[in-house]
Amino acid sequence: MDARLFLLYLFVSVASSELVRKKICKGVDTPTCSIHNVHLDPCPDGPAFCLIRRNKLYQVTVDFNPQFSSSNLKLAINGDSAKDATFSTEILPPTSGCDVITCPLQKNTRQSFNTTISLNKRSRGKFPIQIKLWNEDNIADVCCVIFNVRVLK
Ligand SMILES: *[C@@H]1O[C@H](CO)[C@@H](O)[C@H](O)[C@H]1NC(C)=O
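Quick look at the structure, then. What you see is a predicted model, and the numbers here were worked out from it, not measured in a lab. (Residues numbered from 1 in each chain as written. Predicted model: local features only at pLDDT ≥ 70, side-chain atom pairs only at ≥ 80, totals over all residues. Heavy atoms only, no water.)

Quick notes on the state of the cysteines
At step 1: Applying the stated criterion across every chain yields a total of four disulfides.
At step 2: Cys25 shares a disulfide with Cys144; S-S distance 2.0 Å. Between Cys25 and Cys144 the disulfide shows an S-S torsion of about -95 degrees. By sign, it is left-handed. With a gap of 119 residues between them, Cys25 in the loop between strand 1 (18-19) and strand 2 (33-41) and Cys144 in strand 9 (residues 138-151) connect regions that are remote in the sequence. Residue Cys25 shares its accessibility class with Cys144, and that shared class is buried.
At step 3: A disulfide bridge connects Cys43 with Cys50, and the sulfur atoms are separated by 2.2 Å. Between Cys43 and Cys50 the sulfur-sulfur dihedral comes to about -90 degrees; the bridge is accordingly left-handed. With respect to burial, Cys43 and Cys50 carry one shared label: buried.
At step 4: Cysteine pairing for the protein, with bonded cysteines counted in sequence order: 1-8, 2-7, 3-4, 5-6. (Disulfide = S-S within 2.5 Å. Helix = DSSP H or I, 4+ residues; strand = E, 2+ residues; numbered from the N terminus. Buried < 20%, exposed > 50% of the residue type's maximum accessible area, 1.4 Å probe, protein only.)

Written out as structure tokens, the structure reads:
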């Protein structure tokens with residue numbers, strides 16, 4: 001590979017992990033968790049929204065600080081592709097949060113987790129994606145964040 005091309009490649013691959021603009025989850029009270037940042041990789045066109053190709057893998061990283069500890073964490077990711085605020089499109093069904101974060105979850109500690117998502121052909125247009133991490137032993141303990149994507153045709 002030409003050296004200049006390689007430098008360009010390096011630049012593009014560094015720049016493609018983008019901070020995405022985060023929004024609060026409506027109807028989900030989250031006084032027990034602060035979300036600092038959400039990154040999607042790749043997302044070269046952020047931060048307002050990320051252009052997503054179907055059936056391609058994206059890594060989402062959440063930087064947060066929970067005000068609770070837990071050994072029984074659940075993680076779920078849903079899309080609102082119907083745009084009716086029901087978030088009925090399952091992207092990651094409820095799964096053990098301890099698979100992606102070291103459990104017990106450390107209270108009052110800034111930390112991050114990442115997971116891989118992919119959208120299927122049922123998703124179209126621009127819509128929000130909601131990431132929810134909660135304590136299965138006390139569902140009042142929840143971290144929740146929303147960001148927008150636009151699925152390419
Ligand atoms: C993603 O999370 C795993 C632990 O589940 C960690 O080992 C890895 O370094 C993380 N990757 C990034 C890019 O943060």
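Quick look at the site of the ligand
At step 1: Lining the immediate environment of the ligand, one finds Gln59, Val100 and Asn114.
At step 2: At 2.3 Å from an oxygen atom of the ligand is found a side-chain nitrogen or oxygen belonging to Asn114.
At step 3: When the ligand sits alone it has 360 Å² of accessible area, and the protein chains cover 33% of it. (Near = heavy atom within 4 Å. Polar contact = N/O pair within 3.5 Å; in protein donor to acceptor, adjacent residues only side chain to side chain. Areas by Shrake-Rupley, 256 points an atom, 1.4 Å probe, with all protein chains shown as cover.)

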